[in-house]
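# Secondary and tertiary structure notes
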Amino acid sequence: AMAEIPPDKRTPEEAERARTAAQELLGGRIAAAPTAAQTVPESRLARAVTMQGVAQALGLGGAGCPAKLGYGFIWAARLPAGLSVYPRGHTRVAAGADDAACKVRVVRFASPVSVADLTDFYCASAVKSGLAPQRRKEGSDEVVAGTKGAASYAVYIRTGADGLSEVDLATSGF
């Protein structure tokens, strides 16, 4: 089930409130993200419709893992520190699993702030959390991704069909 976003949550004022909350979360002005170090013509998520599809496209948690994902908004609340849903973001769908071989979270949310604001935030948040982000562009998606030991994360950010920014945020092993 997709949760729709009320019209009053799409305004410039709402976007400004979200940006302010993001700055407060990171302790001040958010630095601009580095430009993409790599560009590929198509996003690996271009044909991933479900959260299982996203997990599979990103190779999260090994072969049998995507089939184990259960859906529920609680998974958005269980994202690791430094990789949470952007302030005032609206979770549309979330899935996850918690067994030893498959500790995965996949969350899709929307935000009224720009793709650039989101990219800057996730780069800065990852740096602050010691997650060494790497930037790339895949098709029309801006990507912030990285690894920490055996754990990995990827944030795919694009302009959605409804004009809001849409984010697929996936973590494995945290």
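Figured I'd write up the structure that's included with this text. (Residues numbered from 1 in each chain as written. Predicted model: local features only at pLDDT ≥ 70, side-chain atom pairs only at ≥ 80, totals over all residues. Heavy atoms only, no water.)

On to the packing of helix 1 (residues 12–26) against helix 4 (residues 115–128), then. At their nearest, the axes of helix 1 and helix 4 sit 11 Å apart, and the two run at 15° to each other. On the basis of the axis angle, helix 1 is roughly parallel to helix 4. Between helix 1 and helix 4 lies a crossing of left-handed hand. Within the contact between the two elements, helix 1 uses Arg19, Ala22, Leu25 and Leu26 and helix 4 uses Asp117, Phe121, Ala124, Ser125 and Lys128. Along the lines of polarity and charge, the residues of the contact of helix 1 with helix 4 split into 5 nonpolar, 1 polar and 3 charged. (Axes fitted to C-alpha atoms, helices over the stretch in contact; angles between N-to-C directions. Helix = DSSP H or I, 4+ residues; strand = E, 2+ residues; numbered from the N terminus. Parallel < 35°, antiparallel > 145°, perpendicular 65-115°, else oblique. Left-handed = near helix turned anticlockwise from the far one by under 90°. Contact = heavy atoms within 4.5 Å. Nonpolar A, V, L, I, M, F, W, Y, C, P; charged D, E, K, R; others polar.)

Within strand 4 (residues 102–111), 9 of the 10 residues are buried, which leaves the element mostly enclosed by the surrounding structure. As paired elements, strand 3 (residues 90–99) and strand 4 share 9 bridges and run antiparallel to each other. Along strand 4, the bridge assignment pairs Asp98 with Lys103. In textbook terms, the turn of a hairpin is the stretch between consecutive antiparallel strands, and for strand 3 and strand 4 this stretch comprises 2 residues. (Buried < 20%, exposed > 50% of the residue type's maximum accessible area, 1.4 Å probe, protein only. Pairing = 2+ DSSP bridges.)

Strand order in the open sheet made by the 8 strands is 1-5-6-7-8-4-3-2, with mixed pairing throughout. This sheet does not close on itself; its edge strands, each paired only once, are strand 1 (38–40) and strand 2 (70–71). Pairing analysis gives 8 bridges linking strand 4 to strand 8 (residues 165–172), with the strands arranged antiparallel. Residue pairing for strand 8: Val106 is matched across the bridge by Ala170. Each of strand 4, strand 5 (134–138), strand 6 (141–148), strand 7 (151–159) and strand 8 touches helix 4; the most contacted strand, strand 7, lies at about 165° to it.

Among the nonpolar cores identified, the biggest contains 29 residues, and Tyr86, Phe109, Leu118, Tyr122, Val155 and Leu169 are the most heavily contacted of them. Mapped by element, the contributors of at least two residues to this core are helix 1, helix 3 (74–77), strand 4, helix 4, strand 7 and strand 8. Element by element, the count of residues in this core is highest for helix 4, at 6 residues. In this view, Phe109 contacts Val85, Tyr86, Gly89, His90, Thr91, Arg92, Leu118, Tyr122, Ser165, Glu166, Val167 and Leu169; residues no more than four positions away in its chain are not counted. Grouped together as the second largest cluster of nonpolar side chains are 20 residues, Cys102, Val106, Val143 and Ala145 included. (Core = buried A, V, L, I, M, F, W, Y, C linked by side-chain atoms within 4.5 Å.)

What follows is about the pattern of salt bridges. Scanning the entire structure with this criterion turns up 18 salt bridges. Residue Lys137 pairs with Glu142 through a salt bridge whose shortest N-O separation is 3.1 Å. For Lys137, a relative accessible area of 27% gives the class partly exposed. (Salt bridge = Lys/Arg side-chain N within 4 Å of Asp/Glu carboxyl O.)

As for its placement among the helices and strands, Ser125 is situated in helix 4. Looking at Ser125, its side chain comes within polar contact range of the main-chain oxygen of Gly82, at 2.8 Å. Excluding anything up to four places from it in sequence, Ser125 contacts Leu26 and Gly82. (Polar contact = N/O pair within 3.5 Å; in protein donor to acceptor, adjacent residues only side chain to side chain.)

So, on to the environment of Asp168. Among the secondary structure elements, Asp168 is positioned in strand 8. Separated by 114 residues in sequence, Asp168 and Val54 place their C-alpha atoms 8.1 Å apart. Beyond its immediate sequence surroundings of up to four residues, Asp168 is in contact with Leu45, Met51, Val54, Val107, Arg108, Ala154, Val155, Tyr156 and Arg158. Side chain to side chain, Asp168 and Arg108 meet in a polar contact 2.5 Å long.

Located in the positive-phi region is Arg88, a residue other than glycine, with phi close to 65°. Following the sequence through the fold, Arg88 ends up in the loop between helix 3 and strand 3. Taking relative accessible area as the criterion, Arg88 reaches 39% and is therefore assigned partly exposed. A positive phi is found at Ala132, a non-glycine position, where the angle reads about 40°. Relative to the helices and strands, Ala132 resides in the loop between helix 4 and strand 5. The exposure class assigned to Ala132 is exposed, which follows from its relative accessible area of 54%.

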